[in-house]
Amino acid sequence: MRRFTRPVLVLPSLKDREPAQKPKTFTGHWTNPDVRGALLAMQGWVCAYCGVDLEQHAFDVEHFRPKGNVTDDPGHEGYWWLAYEFSNYLLSCTACNQKQKIDKFPLLPGGVRATAATRDQVKTELRALIDPAADPVEDLIEIDTSDKLARLRPKPGITPSQEAAVKETIRMLRLNRSLRILRGRLRALERAVGAADNNAVDRLRIRACRHRSHSLAYYQLLASLAPDQAPETAAERDWLIKKLVRALAQAAKILDNGGDENDERQCAELVWAAAVLLSLGAPVDAALSSANLEAEKLLVQDFAAGL
Ligand SMILES: [Zn+2]
């Protein structure tokens, strides 16, 4: 898990959607390309919870606070008023979303769950789930590098309630139990240790980018080897832009050769992701020009103007 910075956006699919009361059924506006694209721009292709590569795993737009009901509190009607709220979304692999997290949203002892009537209190309800788009993840969680399974643990020195939340997050999402997650993390840690042994700071820096899978291993080793060398936000974003532009170039080629509806949808997500980054001041248009993606650049600019 890594910390992500959530952009403040009014996305077309979510504008003026907040329901006045709990709807009988929810419409999946969160699956639209602008929403998924904005989350790609925030995270890259990385599961917000377990850190796996989302190019290799199916993924969902996950509601951080469950919209319909709350497993931990059967009397609660769910955080339905946040169903169409961008700040309540994360990209997560389907295993984390559909098998582990589902509708769980535990609170720490003494926590008071917010309801529609007390919705302003969501910020103070003492959630037991770490929010990768709000909490200082790297200050709270670390990989135990001496553990043969590379398990996660709370960082020493954090408060008892932070420690309880980290432990509950790890337990609930099976971050130390799922073979799929452990194998990926262990592989990353072995590579990071190899790079650290060779004093390959540049390699650690590139792989410590938060938009890359299992990057915590590299980030942590880099922090112990050269603490002032952590990649800057701009460098991490540049890496993401390069990846995005490459994906757009491939998508454009596929669509030129007659892609299907799903390909078009994925291409639209990429254009939206680029538009969000552009609206945040990232040099996306220059990257698109250098890849000869002039038509896509116009589209990206057009979408960004509407944000
Ligand atoms: Zn996951």
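A brief report on the enclosed structure follows. (Residues numbered from 1 in each chain as written. Predicted model: local features only at pLDDT ≥ 70, side-chain atom pairs only at ≥ 80, totals over all residues. Heavy atoms only, no water.)

1. Things to note about the coordination of the zinc ion
In a perfect tetrahedron of four donors around a metal, the angles come out at 109.5 degrees. In a perfect octahedron of six, they are 90 or 180 degrees. To keep it simple, the criterion reads: Coordinating donors are taken as N, O and S atoms within 2.8 Å of the metal, stretched to 3.2 Å for Na, K and Ca; because water is absent from the atoms, sites can appear incomplete. Every geometry call rests on angle ranges, with four donors termed tetrahedral when all angles are between 85 and 135 degrees, four termed square planar and six termed octahedral when opposite donors are over 155 degrees apart and all others are between 65 and 115, and everything else termed irregular. Type-normalised accessible area, obtained with a 1.4 Å probe on protein chains alone, sets the label of each residue: buried when under 20%, exposed when over 50%, and partly exposed for intermediate values.
Around the zinc ion, the protein contributes the donor atoms Cys-47 (SG), Cys-50 (SG), Cys-93 (SG) and Cys-96 (SG), which lie 2.3 Å from the metal centre. Geometry at the zinc ion is tetrahedral, judged from its four donor atoms and the angles of 103 to 116° they form at the metal. Look at where the donors of the zinc ion fall in the sequence and you get C-x2-C-x42-C-x2-C. The exposure classification of Cys-47 matches that of Cys-50, with both residues buried.

2. Here's the deal with helix α8 (residues 233-256)
Count 3.6 residues to each turn of an α-helix, and residues three or four apart come out pointing the same way. Put simply, the rule reads: Each helix is a run of H or I in the DSSP string that is no shorter than four residues. Each strand is a run of E no shorter than two, and both are numbered from the N terminus. A helix is expected to reach a length of 1.5 Å times the quantity of its residues less one. In what follows, a contact means two residues having at least one pair of non-hydrogen atoms within 4.5 Å.
Compared with the 34 Å implied by 1.5 Å per residue over 24 residues, the 34 Å span of α8 between its first and last C-alpha is a close match. Buried positions along α8 lie against α1 (33-43), α9 (261-279), α10 (284-290) and α11 (294-305). Directly after α8, the chain includes Gly-258, whose backbone phi takes a positive value near 85°.

3. Thoughts on α9
Keep this limit in mind: Side-chain atoms alone can form a polar contact between residues adjacent in sequence; in general such a contact is a pair of N or O atoms within 3.5 Å, and within protein one must be able to donate a hydrogen while the other accepts it.
Taking 1.5 Å as the rise per residue, α9 with 19 residues should run 27 Å; its terminal C-alpha atoms sit 27 Å apart, in good agreement. Looking at α9, one finds that the buried residues are Cys-267, Glu-269, Leu-270, Val-271, Trp-272, Ala-273, Ala-274, Ala-275, Val-276, Leu-277 and Leu-278. In this structure, the buried residues of α9 make contact with α1, α8, α10 and α11. For α9, the capping residue at the N-terminal end is Asp-260, with a side-chain oxygen 3.1 Å from the backbone nitrogen of Asn-262.

4. Focus: the side chain of Arg-212
Filter applied, for reference: By the counting rule applied here, Lys and Arg register as positive and Asp and Glu as negative, while His and the ends of each chain are not counted. One side-chain nitrogen of Lys or Arg within 4 Å of one carboxyl oxygen of Asp or Glu is enough to make a salt bridge.
Within the secondary structure, Arg-212 sits in the loop between α6 (201-207) and α7 (215-225). For the buried Arg-212, no salt bridge exists, and the shortest N-O distance to an oppositely charged side chain is 8.4 Å, to Asp-53.

5. Re the pairing of strand β2 (residues 89-93)
This is how it is decided: The pairing criterion for strands is at least two bridges between them, as found by DSSP.
A large share of β2 lies buried, amounting to five of its five residues. Pairing between strand β1 (residues 59-63) and β2: five bridges, direction antiparallel. If you follow Asp-60 over to β2, its bridge partner there is Ser-92.

6. Here we look at the side chain of Glu-168
With respect to the helices, strands and loops of the structure, Glu-168 is situated in helix α4 (residues 160-172). Beyond its immediate stretch of four places on either side in the chain, Glu-168 contacts Pro-106 and Ala-128.

7. Here we look at the pattern of salt bridges
Considering all chains together, one arrives at 17 salt bridges under this definition. Between Asp-135 and Arg-127 there is a salt bridge whose closest N-O contact spans 2.7 Å. Take Arg-127: its relative accessible area is 21%, and that puts it in the partly exposed class. Between Glu-138 and Arg-210 there is a salt bridge, and its shortest N-O distance comes to 3.4 Å. With Glu-138 in helix α3 (residues 137-140) and Arg-210 in the loop between α6 and α7, this residue pair connects regions lying 72 residues apart in the sequence. Since its relative accessible area comes to 9%, Glu-138 is described here as buried. Three or more residues are tied together by salt bridges with common partners; here these are Arg-2, Glu-138, Arg-210 and Glu-236.

8. Some remarks on the environment of Lys-104
With respect to the secondary-structure elements, Lys-104 resides in the loop between α2 (94-101) and α3. Lys-104 has contacts with Pro-66, Thr-71, Asp-72 and Met-172, leaving out every residue within four places of it along the chain. Within polar-contact distance, the side chain of Lys-104 engages the backbone oxygen of Gln-100 at 2.4 Å.

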